[in-house]
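Each chain is listed here by its residues.
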Amino acid sequence: MLVLLLQILLSCLWLGRGEVVTSFKSSCPQFFFRETPPNEALEPENPAWICQRYENQYYFATLYDRRRRIPVYSAYLYQPGSGTRPNTWLVEPQLMGMSYPKTMEKEWTLSKYYNVTSEQIGKSQAVLQDYKNLTGLNRGHLNPNGHHSDFSSRSATFTLTNIVPQDEKLNGGAWNNYEQQTMMKRTVGCKTTYVVVGAVPGNNYIAKGRVNKPSYIWSSACCEVDNNHREAWGVIAENDKNEVQLLTLGELEEMLTNLYGRGQVYLFDSSCPRE
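Residues numbered from 1 in each chain as written. Predicted model: local features only at pLDDT ≥ 70, side-chain atom pairs only at ≥ 80, totals over all residues. Heavy atoms only, no water.

In the annotation of an unreviewed UniProt entry, the entry for the protein chain reads ENDD1 protein, and the organism field reads Odontophorus gujanensis.

The subject of this paragraph is the overall build of the protein chain. Scanning the protein chain for helices and strands turns up eight helices and twelve strands. Its C-alpha atoms put the protein chain at 60 × 40 × 35 Å along the principal axes. Out of the 275 residues belonging to the protein chain, those deemed buried represent 53%. Sequence-distant contacts, at least 24 apart, represent 65% of the contacts inside the protein chain between residues at least 6 apart. Once the 27 positive and 27 negative side-chain charges of the protein chain are each reduced to a mean point, those two points are 6 Å apart. (Helix = DSSP H or I, 4+ residues; strand = E, 2+ residues; numbered from the N terminus. Buried < 20%, exposed > 50% of the residue type's maximum accessible area, 1.4 Å probe, protein only. Contact = heavy atoms within 4.5 Å. Lys, Arg positive; Asp, Glu negative; His and termini not counted. Charge placed at Lys NZ, Arg CZ, Asp CG, Glu CD.)

By the definition in use, this model includes three disulfides. Here Cys-190 engages in a disulfide with Cys-223; their sulfurs sit 2.0 Å apart. The chirality of the disulfide connecting Cys-190 with Cys-223 is left-handed, given an S-S dihedral of about -105 degrees. Of the two residues, Cys-190 is situated in the loop between α7 (174-186) and β7 (192-200) and Cys-223 in strand β10 (residues 216-226); the sequence distance between them amounts to 33 residues. Accessibility assignment for this pair places Cys-190 and Cys-223 in one class, buried. Ordinal numbering of bonded cysteines along the protein chain defines a disulfide pattern of 1-2, 3-5, 4-6. (Disulfide = S-S within 2.5 Å.)

Approximately 210 Å³ is the volume attributed to the second largest pocket. Lining the second largest pocket are 15 residues, and of these Lys-25, Pro-37, Pro-38, Asn-39 and Glu-43 lie nearest its centre. (1 Å grid on protein atoms, 1.4 Å probe; cavity = no way out; pocket = protein on both sides within 12 Å on 5 of 7 lines; lining within 4 Å. Points joined across faces, edges and corners; volume = space filled by probe spheres on them.)

Next up, the structure:
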């Protein structure tokens, strides 16, 4: 009984929270334009819908591929700001089972207070050990910390459920230029910008076959200029080249339709322009 009470107390005290849900529409729809997530053409065989919450506030949403141990996509509002880059990496306990806390947490905390090993955590998701000793690859954020306005929102992006193995030259080069420069230019005049960033699974893996290395990284945006005007665009990059291709939203959706092969992909509500 004492152990149970301690676990409940710890659950209440921990600041980082992520929540595995059954539907983004009913739990954290605010990160999607007109509360409309991408359609099921992106869904993997064993998905998990995560409303990413930190310090009792939702910051973004992630569709996670449990089998490949990478996110399918992360969706968020573009609200860039300056500040310190966090360096603490978190995992998602609920992916092990709904009896665990609804929290993002450090692996050592789970080990200390819940007697959970990294091997147990790693059955349902990537762990820090998977990303050690990488050659030519980085831990690549889908939802980048630099697109958020304060330390709490940036900290929430440092969950391994928001990370893929990304080519280090691409991550620090053309992709970074898109995230930091192109996005800033494209969003001038935007009242609200909704972003969905994803990764197309590839044929290669890291960590002895545990974590998929995506073949492509992509990003899409729908910008509300005012109640009657919207702009949209997309980009895609092969995950072994330092090049980013700028596309219309319609062009990106067609490319993803071919790459995923599960039917027509729709990333945003139909009122976002495709041309």
